[in-house]
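This is what each chain is made of:
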Amino acid sequence: MRGGIMHVLVTGGAGYIGSHTVVALQEAGHDVLVYDNFCNSSRIVLDRIEQITGRIVDFIEGDIRDRQKMDALFAEHDIDAVIHFAGLKAVAESVEKPYEYYDNNVGGTLSLLDAMRTAGCTNIIFSSSATVYGNPAKLPITEDFPKGAPANPYGRTKSMIEDILIDIQAADPAYNVVLLRYFNPIGAHESGLIGEAPQGRPNNLMPYITQVAVGALPELGVFGDDYDTPDGTGVRDYIHVVDLARGHVAALQAVEDGCGLGIYNLGTGNGTSVLELIDAFEAATGQKVPYTIQPRRPGDVDALYADCSKAQAELGWTAVCDIERMCADAWRWQQANPHGYEA
Ligand code: NAD
Ligand code: UFG
């Protein structure tokens, strides 16, 4: 580390949130090394990041479960901190392939942590999720809410990894561990050069909306209109991915300051229903989004939104982009890249 500039290993740095975070880190002056096996991302994203920041992106292709490669990486690079995005994230797939999720997410994290321990690297920021709260008893959600029962193997991997990291930090106070519980990241970099590029049919609402708007899919299915919410559709706390990325830069500062254990919600604090998001998208872009009401999706909860005052007070971070901006940026990305990176 030199003068506040950190050398950061970003696992999963070619992915949706990772790529936006690499941009934010480079713009803040940090040196970044991306480690990714590209199982859910494209190499092209690295060129796009370079176009945005004007800086080369150092990267190593590899799997976090490959201990030899991880050891070599830490032996050859002086890493101050790790931001750990790498993992599988599709909820329905995790129900069908639980072994793959526990192996990749939990096994992969253990492999990473062992390599870090061998190298003496004790700083880590982890991508957790609001899913660890399960179906919360009240709203908004603060970090001191008890964790709930995640509804699927994916959610359980996030909760387990949190517990592993908490135990490791408790056993050795030299560790600085920040658990960031993301709410619903959407949107894209304002350049339209990087964004969310799901493989196949999207699982999440915003990429589904943009693919309907661009004509790649005929209509959106709204999963349930009988939830306990004002209009009956599910309410979530959507956060612009660039705001989320800035949250990681703030967390890195906390790590440098020797924060010990820090757990933070990253959201906006605002709940938006599915129908409200469709309206906001249509207003921001002028595109119609045809939809039909369909049955509830198993495992979905009525409403989830965050109290983010802890991140504001302790990290000096707050989300600034509103829902219209999220929609406009998601649409700019989708229009410029109708087939994702591999067009
Ligand atoms: P993503 O799939 O776009 O990015 C994950 C990246 O990790 C991909 O580039 C993938 O190729 C890589 N990867 C996966 N397994 C790997 C392995 N074993 N070794 C090396 N690289 C590997 O996903 P994202 O949306 O950017 O999410 C990043 C992180 O944030 C994930 O851990 C995810 O669970 C978490 N998260 C995401 C959301 C969301 O809504 N997107 C919400 C909460 C938490
Ligand atoms: N929805 C639809 N139609 C779709 C997709 C989603 O109506 O085609 C609805 C869902 O029922 C839900 C809302 O839109 O009410 C948001 O759904 P997403 O799939 O976009 O997001 P989730 O809140 O279900 O899940 C996301 C991430 C998970 C993470 C969770 C934490 O995908 O990884 O947030 O809250 F665990």
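Everything below is about the structure shown above.
Residues numbered from 1 in each chain as written. Chains lettered and ligands numbered in written order. Predicted model: local features only at pLDDT ≥ 70, side-chain atom pairs only at ≥ 80, totals over all residues. Heavy atoms only, no water.

S.K.: Is there a simple way to explain the site of ligand 1 in this structure?
M.R.: Taken together, the neighbourhood of ligand 1 is formed by 26 residues, with Ile17, Asp36, Asn40, Ser41 and Tyr154 sitting nearest. For ligand 1, an oxygen atom lies 2.7 Å from a polar atom in the side chain of Ser41. One of the side-chain nitrogen or oxygen atoms of Asn104 is found 2.8 Å away from a nitrogen atom of ligand 1. Compared with its free state, where it exposes 820 Å², ligand 1 has 95% of that area covered by protein. Split into classes, the residues belonging to the shell around ligand 1 amount to 11 nonpolar, 11 polar and four charged. (Near = heavy atom within 4 Å. Polar contact = N/O pair within 3.5 Å; in protein donor to acceptor, adjacent residues only side chain to side chain. Areas by Shrake-Rupley, 256 points an atom, 1.4 Å probe, with all protein chains shown as cover. Nonpolar A, V, L, I, M, F, W, Y, C, P; charged D, E, K, R; others polar.)

S.K.: Looking at this structure, how should I read the state of the cysteines?
M.R.: According to the stated counting rule, one finds zero disulfides in the structure shown. Left unpaired, Cys308 is separated from the closest cysteine sulfur, that of Cys321, by 14 Å. Given the relative accessible area of 13%, Cys308 is considered buried. (Disulfide = S-S within 2.5 Å. Buried < 20%, exposed > 50% of the residue type's maximum accessible area, 1.4 Å probe, protein only.)

S.K.: It is not clear to me how the side chain of Thr122 should be interpreted in this structure. Could you clarify?
M.R.: Mapped onto the elements, Thr122 comes out in the loop between α5 (98-119) and β5 (123-129). Reaching out from Thr122, the side chain makes a polar contact with the backbone oxygen of Ala174 at a distance of 3.3 Å. When neighbours within four sequence positions are excluded, Thr122 is seen to be in contact with Ala174, Tyr175 and Asn176. (Helix = DSSP H or I, 4+ residues; strand = E, 2+ residues; numbered from the N terminus. Contact = heavy atoms within 4.5 Å.)

Everything listed here is a matter of coordinates, which is why it stays silent on function.
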